[in-house]
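Take a look at the letters that make up each chain.
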Amino acid sequence: MDELNLVLAVDESQKHLADKIVIEYHSYVPSARTVGRVLKYLAYYQGELVGTFWIGSGFKPTPKAILRHFGVGQKQFDAMFNTVADNKRFCMIKNIPNLGSRIIKEVRKRCRHDWKDKYGDELVAIVTTIGNGKKGSVYLADNWKVIGETAGLPADRKSVSMKWDDSTKIKSRFIKPDGMNKKTILITTNLPKYRPKDSGFLNLYN
């Protein structure tokens, strides 16, 4: 039975399960801490839990490659901040050929619906950053586009959120890029409307 099922974590037990996967299995960001919005998906394959995929609020400063992609400056992007999600975590429990790109595809098919349903904003894109010498092959297999690199910030940079932090706090936490820890930026704008009859997913918000 070749079945992939994606479930949006809505209750505390589901969210805890998603956190546990990241803490125990994520290779380079084994932390469940996020700032601002976040949707956490649990992926099941043939009835077995195989991973989790999270999208949420972006980060500041916004990489120039993202601004160039949308053809806007920082102030204009701030106005559309809640329409562009960041892939916070993607963690697999098992290494199953081609399953990672399939999970990404299924998240992409339904996340626009879930984002609108929970937060009220129209999601137009998801971005992700790839570091530690990784190529992002699993995203490229789903036709994500490489748009550039981050400027490079210290590994201990404090995160900020346009949703929770005011301008004073954001300014105080700003650290000038030093060229270290650069990451490749990928993006997808292919976020079709959610069609429950096509997806085979359980939409827990309806």
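Details of the structure are given in the entry above.
Just so we're clear, the structure is a prediction, and the values are computed from it rather than from any experiment.

> Before we move on, can you summarise the packing of aromatic side chains with the specific residues and values?
Within the structure shown, the criterion is met by 5 aromatic pairs. Here F70 and F77 contribute two aromatic rings whose centre-to-centre distance is 6.1 Å and whose plane-to-plane angle is 45 degrees, an arrangement assigned as tilted. Accessibility expressed as a relative area gives 23% for F70, which makes it partly exposed. The exposure class assigned to F77 is buried, which follows from its relative accessible area of 5%.

> Explain helix α4 (residues 99-119) to me, and be specific about the residues and the numbers.
A rise of 1.5 Å per residue sets the reference length of α4, with its 21 residues, at 30 Å; its end C-alpha atoms lie 28 Å apart and thus fit the reference within 8%. The largest bend in α4 comes to about 45 degrees, at R110.

> Could you give me a rundown of empty space enclosed by the protein, with the residues and numbers involved?
Scanning the entire structure with this criterion turns up 1 cavity of 30 Å³ or more. Broken down by class, the residue content of the lining of the largest cavity amounts to 7 nonpolar, 2 polar and 1 charged.

> Which residues make up the pairing of strand β7 (residues 184-188), and what are the values?
Every other side chain in a regular strand lies on the same face of the sheet, so the side chains alternate between the two faces. Counted residue by residue, β7 has 4 buried out of 5 residues, so it is predominantly covered. Of the strand pairs in this sheet, strand β5 (residues 125-130) and β7 are connected by 5 bridges, and their pairing is antiparallel. The partner of T128 across the bridge, within β7, is L186.

What counts, and at which threshold
Residues numbered from 1 in each chain as written. Predicted model: local features only at pLDDT ≥ 70, side-chain atom pairs only at ≥ 80, totals over all residues. Heavy atoms only, no water. Phe/Tyr/Trp six-rings, centres within 6.5 Å; stacked < 30°, edge-to-face > 60°. Buried < 20%, exposed > 50% of the residue type's maximum accessible area, 1.4 Å probe, protein only. Helix = DSSP H or I, 4+ residues; strand = E, 2+ residues; numbered from the N terminus. Expected span 1.5 Å × (residues − 1). Bend = angle between axes of the 7 residues up to and from the residue. 1 Å grid on protein atoms, 1.4 Å probe; cavity = no way out; pocket = protein on both sides within 12 Å on 5 of 7 lines; lining within 4 Å. Points joined across faces, edges and corners; volume = space filled by probe spheres on them. Nonpolar A, V, L, I, M, F, W, Y, C, P; charged D, E, K, R; others polar. Pairing = 2+ DSSP bridges.

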